[in-house]
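Close look at the chain arrangement
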Amino acid sequence: MPGEAVTLQLGHYSGCVGAHWWGLQAAALRSPAEPAELRAAALLRFGRGPGGPETPTPRLVALELKGTAGWGGSGGPAATGRPRRDRALFAGGVGSLRADGAGTEPPVSWDGAVADYRDRAPAGGCAPRDTGSRRGDAAGDGKGNPGAAGPGAAPAGSQDAPSVRLWSDYLNVHLHPKSVYVIRQYLHDGDCGCLEAFGQGESLLQDPACVEELEDRLHFYVEECDYLQVHTFSRLPWLSGHFGLEMKQNLRCCCCFPQGFQVLCDLHNGFSGVGAKVTELLHDEYSRKGILTWGLTPVLSTVGDPQNSFYRLMNTALGIAHLSRHSSLFCPLSLSGSLGIKPQPPVTFPYIKYDASLNYHSSAILAAALDTLTAPYRLWSFQGSMMHFADSLTFSGRKAVAAWAALPLPALSGSSLPDTLSAHQQDVPWKLLSSWREQKVSCCFAQSVVLRGICKEKATSSCPGQPRSPLHSCESPEQVLQQYLHTQFPGAYSTSHVLQQPCDTRPPFPQFFSPLLTSRGFLLDKAQGSSSAGVESIPVLAALQSSPVLHSLLSGLCRDLRARNARRCSSFFTAGVEQDDFQEALEELKTLSQCYETGFGADGSEDEADSD
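Residues numbered from 1 in each chain as written. Predicted model: local features only at pLDDT ≥ 70, side-chain atom pairs only at ≥ 80, totals over all residues. Heavy atoms only, no water.

Re the sheet that holds strand β4 (residues 60–66)
The parallel open sheet is built from 6 strands, whose spatial order is β10-β4-β1-β11-β12-β13. Each of the sheet's edge strands pairs with one partner strand only, and the pair in question is β10 (180–187) and β13 (329–334). The average undirected angle you get between the axes of adjacent strands in this sheet is 15°. One ladder, built from 4 bridges, connects strand β1 (residues 5–10) with β4; its direction is parallel. (Pairing = 2+ DSSP bridges. Helix = DSSP H or I, 4+ residues; strand = E, 2+ residues; numbered from the N terminus. Axes fitted to C-alpha atoms, helices over the stretch in contact; angles between N-to-C directions.)

Observations concerning the pattern of salt bridges
Taken as a whole, this structure holds 10 salt bridges when the rule is applied. With a closest N to O distance of 2.9 Å, Asp-371 and Arg-378 form a salt bridge. The two residues Asp-371 and Arg-378 agree in class, both being buried. With its nearest N and O atoms 2.9 Å apart, the salt bridge here joins Asp-371 to Arg-452. One end of the pair, Asp-371, is in helix α7 (residues 359–373); the other, Arg-452, is in strand β16 (residues 446–452), and 81 residues separate them in sequence. Assigned by exposure class, Asp-371 and Arg-452 land together as buried. (Salt bridge = Lys/Arg side-chain N within 4 Å of Asp/Glu carboxyl O. Buried < 20%, exposed > 50% of the residue type's maximum accessible area, 1.4 Å probe, protein only.)

Examining the side chain of Ser-327
Relative to the elements of secondary structure, Ser-327 occurs in the loop between α6 (306–326) and β13. Among the polar contacts listed, one links the side chain of Ser-327 to the side chain of Thr-293, at a separation of 2.6 Å. At 2.6 Å, the side chain of Ser-327 forms a polar contact with the backbone oxygen of Leu-323. Those residues in contact with Ser-327, other than ones at most four positions away along the chain, are Thr-279, Ile-291, Thr-293 and Lys-399. (Polar contact = N/O pair within 3.5 Å; in protein donor to acceptor, adjacent residues only side chain to side chain. Contact = heavy atoms within 4.5 Å.)

Description of the confidence of the model for the chain
When pLDDT is averaged along the chain, the result is 77; 70% of the residues meet or exceed 70. Every residue in residues 230–245 scores below 50 in pLDDT, and together they form 16 contacts with partners more than four places removed in sequence or on other chains. Note that residues 601–612 has pLDDT below 50 and, in this model, 19 contacts with residues that lie over four places away or in other chains. (pLDDT = per-residue confidence, 0-100.)

Details of the packing of aromatic side chains
Within this structure, the stated rule accounts for 11 aromatic pairs. Arranged with centres 5.6 Å apart and planes meeting at 20°, the rings of Trp-21 and Trp-22 form a pair that is stacked. Just as Trp-21 is buried, Trp-22 falls in that class too. Judged by centre distance (6.2 Å) and plane angle (40°), the ring pair of Trp-404 and Trp-430 falls under tilted. (Phe/Tyr/Trp six-rings, centres within 6.5 Å; stacked < 30°, edge-to-face > 60°.)

Examining the environment of Trp-22
By the secondary structure assignment, Trp-22 is in helix α1 (residues 12–29). In this structure Trp-22 touches Thr-7, Gln-9, Leu-43, Leu-44, Pro-58, Leu-60, Leu-171 and Val-173, once residues within four positions along its chain are discounted. At 2.8 Å, the side chain of Trp-22 forms a polar contact with the side chain of Gln-9.

Considering the packing of helix α5 (residues 271–285) against α6
Relative to each other, α5 and α6 sit at 5°, their axes nearing to 9 Å. By the angle between their axes, α5 is roughly parallel relative to α6. Between α5 and α6, the residues in contact are Ser-272, Gly-275, Ala-276, Thr-279, Glu-280 and His-283 and Asn-315, Gly-319, His-322, Leu-323 and His-326, respectively. Partitioned by chemical class, the residues of the contact of α5 with α6 number 2 nonpolar, 8 polar and 1 charged. (Parallel < 35°, antiparallel > 145°, perpendicular 65-115°, else oblique. Nonpolar A, V, L, I, M, F, W, Y, C, P; charged D, E, K, R; others polar.)

Section: the nonpolar core
With 91 residues, the main nonpolar core has Leu-8, Leu-282 and Phe-572 as its most contacted residues. Here the element with the most residues in this core is α6; it accounts for 9 residues. For Phe-572, the residues in contact, after removing those within four places along its chain, are Ala-197, Phe-198, Tyr-311, Met-314, Asn-315, Leu-318 and Val-577. Judged by nonpolar contacts, the second largest core, of 74 residues, contains Leu-333, Ile-365, Tyr-377 and Cys-503. (Core = buried A, V, L, I, M, F, W, Y, C linked by side-chain atoms within 4.5 Å.)

Below is the structure:
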């Protein structure tokens, strides 16, 4: 059984991705009754007040800035029309907790005060739309000009809805009062007073009051995980009497029970510096736990102020260097075509027509990918930990990985898995989500691949006679996928998982899908026309790869920075970054990029270009 994980969201765009991700967790709980493959309690905590309904809440610490109107004070939601009550604490607190999210326990009486957080629901009840016009967000001008959808590209089945500015506007789960911490020294938006530079973010986490507040929230969730695990052990018959009491005490003293931490961090602004200090704190205090960090960047505008672009580039480079240093695994995630000084057109998908200028759209795609990529260490059958998961991908110093996803995986309704994969023997149909120009990658060092939502169809071909391909001779969906990966990536260390549960795409997930898809995300022979049924779920194929593509990404950032004189940007360094630290980070990036060299192909020319 997988252990619990604590999630941190650092920055506004990370909150956008997180809001959709938590919505996917809530949707999974509402799915029709069937054996659950993913343990909901790995990410969610389940509490119940006396006589009240059971309330799942994310095990989350989110850092936001002053002026984020959806949040009030320094810790509670003030955003969506639902009373947000959480009475679930561990021993000596309120409510009752479940260790597995599936059983029930007698409620604990609570006579103390209960905080009630309320907000107003958006009128109309429609799925929201993000204007994309905020500084530092999305593609920039709010007119929808850049991006995958183009001007006026309202997807089929979508409805006009009130504009929203914040991820709290489409968050559809309850949050614990300790989840949101508002940093009041900087503004979320405006012409000044924003968290723009890496050094500003680092300085925040050098403030003792800020560190104490963060640690208090972390310890709350960590100690709660400790309680859940010890409470689970206490039910075992052999943990009784004096021996059992001694064993439980040893468990509490010697172990910290969450399996690890998930860090979602904005890379393009000063939150990259916040993430650097947060991951350093986690690494120092929880050295035996996995720290999986996802560096998030919205789709970048193709036009913008050169100095702001250079700030973003330096924030990104410093963020990657520091986050990789202190994390068990680091993965950049973005639909932007490049993280370099010259943004490239965003990633496109054949069956999704999204507006890249809307954070609401781009973050939904990344959340669907993230939900699939993180599935292995949330499976009920998983016997390892997040640290083991990371170690399987990051050997030989390769701490960074690239993300790929097919959203949705092109599959005809009713086709078998061997038939579906056989149609893509020349090239895997996924897209790179780690901000580098699209290219065919035929090798990798290691990969973790998840296929979900397609094996409810016939597992093998029902055609009589001899098998039409090696895939059709496999006896199970897992063998089919392994055989396919072995053919596409010979010699790579591959782990794979096949899940029956698809990715849920009901609102508030945007309905930006092609009319060529059924309600379950499979391909039709012809478009549905003006059908408003909507796509309720999609099959997904996603992978984390230790891949040579990381060499191109990392060395490209180094070249962009060295091609410009960083000393001219004095204001960036007055924010707290020393020149020597900056040069050290560049050397770290270069060293990390060299771990992904293959010694042939395009890498050679790039090495020569970087050898100055």
